[in-house]
Amino acid sequence: KQIADDMINSGEYLCAEKIDGNWCCFVKQNGVAKMQTRGRSAVTGEFGEVHDKVPHIFNTLDEYFKDDTFIIGELYYPGGNDKDVGSILRCLPDKAIARQEKDNHMLRFYIFDVWYIEGDSLMKEDFFMRANRIAAFGPILASINKYIDYAEYSDANETTYSLLASIFERGGEGIVLQKKNGVPNPGKRTAKKSLKIKKEIEND
């Protein structure tokens, strides 16, 4: 709790809602677009591909973005959690689509980071600049497709506690803090670069 307080009050972080779902990225290169999960297949060693299970999201992203784009987000649906989403993504495409339509649980895509956008590398850009990029294209995508959302980052400060309380009140998972000057560092977890504040922490 003290670490979270110190980070919130430092003026060095942005905050946004944390979504409970499955990590997923949209990547487009050499005219080929995919949506991939974090995990790799034990058989092929390749990242899992789910674009054919969420065509209602993928088609919009594929049409909107040009080559050399890498966007990171979370596949989720309101009221569900990561296990619920996983139960859909583990199905074959036809069954995954049918299950979403039958149960009225169409998955949504919550964009929270971007590393490349149409040939422009952001790998050396700090998080503050990447958040601004999301703020530029996020509202456009959301207006085109009701199943695409984006993280709306704001400065972490004393108002962050009110945001967290309102998220908990409506059953949300929590918030995430991201250090403004943090740059992408794939495969490594830099100390105090980010922090997730979730219900379990509040209860403790």
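Residues numbered from 1 in each chain as written. Predicted model: local features only at pLDDT ≥ 70, side-chain atom pairs only at ≥ 80, totals over all residues. Heavy atoms only, no water.

## Observations regarding the overall build of the protein
Line of reasoning, step 1. Scanning the protein from terminus to terminus reveals seven helices and 11 strands.
Line of reasoning, step 2. Over its C-alpha trace the protein gives a radius of gyration of 17 Å, about what one expects of a compact globule, namely 17 Å for 204 residues.
Line of reasoning, step 3. Each principal axis of the C-alpha distribution contributes one length, and for the protein these read about 45 × 40 × 35 Å.
Line of reasoning, step 4. In the protein, which comprises 204 residues, the proportion classed as buried is 44%.
Line of reasoning, step 5. By sequence separation, contacts in the protein at least 24 residues apart represent 70% of the contacts at least 6 residues apart.
Line of reasoning, step 6. Of the roughly 11400 Å² of accessible surface on the protein, a fraction of 48% belongs to carbon and sulfur atoms.
Line of reasoning, step 7. Placing the 28 positive and 32 negative side-chain charges of the protein at their respective mean positions leaves the two points 4 Å apart. (Helix = DSSP H or I, 4+ residues; strand = E, 2+ residues; numbered from the N terminus. Rg over C-alpha atoms; globule rule 2.2 N^0.38 Å. Buried < 20%, exposed > 50% of the residue type's maximum accessible area, 1.4 Å probe, protein only. Contact = heavy atoms within 4.5 Å. Areas by Shrake-Rupley, 256 points an atom, 1.4 Å probe, with all protein chains shown as cover. Lys, Arg positive; Asp, Glu negative; His and termini not counted. Charge placed at Lys NZ, Arg CZ, Asp CG, Glu CD.)

## Focus on the packing of helix α2 (residues 55-64) against helix α5 (residues 127-144)
Line of reasoning, step 1. Where α2 meets α5, the closest approach of the two axes is 11 Å, and the angle between their N-to-C directions is 130°. In terms of axis orientation, α2 runs oblique to α5. Taken as a pair, α2 and α5 cross one another with a handedness that is right-handed. Two secondary-structure elements touch here, α2 through Thr60, Leu61 and Tyr64 and α5 through Phe137, Ile140, Leu141 and Ile144.
Line of reasoning, step 2. Across the contact of α2 with α5, the residue classes break down as six nonpolar, one polar and no charged. (Axes fitted to C-alpha atoms, helices over the stretch in contact; angles between N-to-C directions. Parallel < 35°, antiparallel > 145°, perpendicular 65-115°, else oblique. Left-handed = near helix turned anticlockwise from the far one by under 90°. Nonpolar A, V, L, I, M, F, W, Y, C, P; charged D, E, K, R; others polar.)

## Some points on the side chain of Arg108
Line of reasoning, step 1. Here Arg108 lies in strand β6 (residues 108-117).
Line of reasoning, step 2. Engagement of the side chain of Arg108 in a polar contact is seen with the backbone oxygen of Lys146, the distance being 2.5 Å.
Line of reasoning, step 3. Apart from residues lying up to four places away in sequence, Arg108 is in contact with Ile57, Glu74, Leu75, Tyr76, Pro78, Lys146, Tyr147 and Asp149. (Polar contact = N/O pair within 3.5 Å; in protein donor to acceptor, adjacent residues only side chain to side chain.)

## Points about the packing of aromatic side chains
Aromatic ring pairs are reported here in terms of the distance separating the ring centres and the angle at which the planes meet.
Line of reasoning, step 1. Counted under the stated rule, the structure contains seven aromatic pairs.
Line of reasoning, step 2. Ring geometry for Phe70 and Trp115: centres 5.5 Å apart, planes at 15°, overall stacked. With Phe70 in strand β5 (residues 69-76) and Trp115 in strand β6, this pair connects stretches of sequence that are 45 residues apart.
Line of reasoning, step 3. Here Trp115 falls in the buried class, since its relative accessible area comes to 18%.
Line of reasoning, step 4. Here the aromatic rings of Tyr76 and Tyr110 are separated by 6.4 Å at their centres, their planes lie at 85°, and the arrangement is edge-to-face. Pair noted here: Tyr76 is in strand β5 and Tyr110 is in strand β6, with a separation of 34 residues, a long-range link. (Phe/Tyr/Trp six-rings, centres within 6.5 Å; stacked < 30°, edge-to-face > 60°.)

## Observations regarding the sheet that holds strand β11 (residues 194-198)
Line of reasoning, step 1. Within the open sheet, the four strands sit side by side as β9-β1-β10-β11. Their pairing is antiparallel. Looking at which strands have only one partner, the edges of the open sheet turn out to be β9 (154-155) and β11.
Line of reasoning, step 2. In the packing of helix α1 (residues 2-9) onto the sheet, the strands contacted are β1 (13-18), β10 (174-179) and β11, and the crossing angle to β11 comes to about 120°. (Pairing = 2+ DSSP bridges.)

## Concerning the environment of Lys34
Line of reasoning, step 1. By secondary structure assignment, the location of Lys34 is in strand β3 (residues 32-40).
Line of reasoning, step 2. On the basis of relative accessibility, which here comes to 28%, the residue Lys34 falls in the partly exposed class.
Line of reasoning, step 3. For the pair Lys34 and Leu61, spaced 27 residues apart in sequence, the C-alpha to C-alpha distance is 9.7 Å.
Line of reasoning, step 4. Among residues more than four places away in sequence, those in contact with Lys34 are Cys25, Phe26, Val27, Glu49, His51 and Phe58.
Line of reasoning, step 5. Side chain to side chain, Lys34 and Glu49 meet in a polar contact 3.1 Å long.

## Comments concerning helix α3 (residues 82-89)
Line of reasoning, step 1. Taken residue by residue, α3 has Val85, Gly86, Ile88 and Leu89 as its buried positions. Projected onto a plane normal to the axis of α3, the buried residues spread over an arc of 160° and lie on a single side.
Line of reasoning, step 2. Buried-residue contacts for α3 involve β2 (22-29), β5 and α4 (93-103). (Arc of directions from axis to C-beta.)

## Some thoughts on the side chain of Lys18
Line of reasoning, step 1. Its location among the elements puts Lys18 in strand β1.
Line of reasoning, step 2. The buried category is assigned to Lys18, whose relative accessible area is 14%.
Line of reasoning, step 3. Polar side-chain contacts of Lys18 include one of 3.2 Å to the side chain of Glu173.
Line of reasoning, step 4. Ignoring sequence-local partners within four residues, the contact set of Lys18 consists of Glu74, Glu173, Gly174, Ile175, Val176 and Lys196.

Spatial relationships are all this shows, so hold off on functional conclusions.
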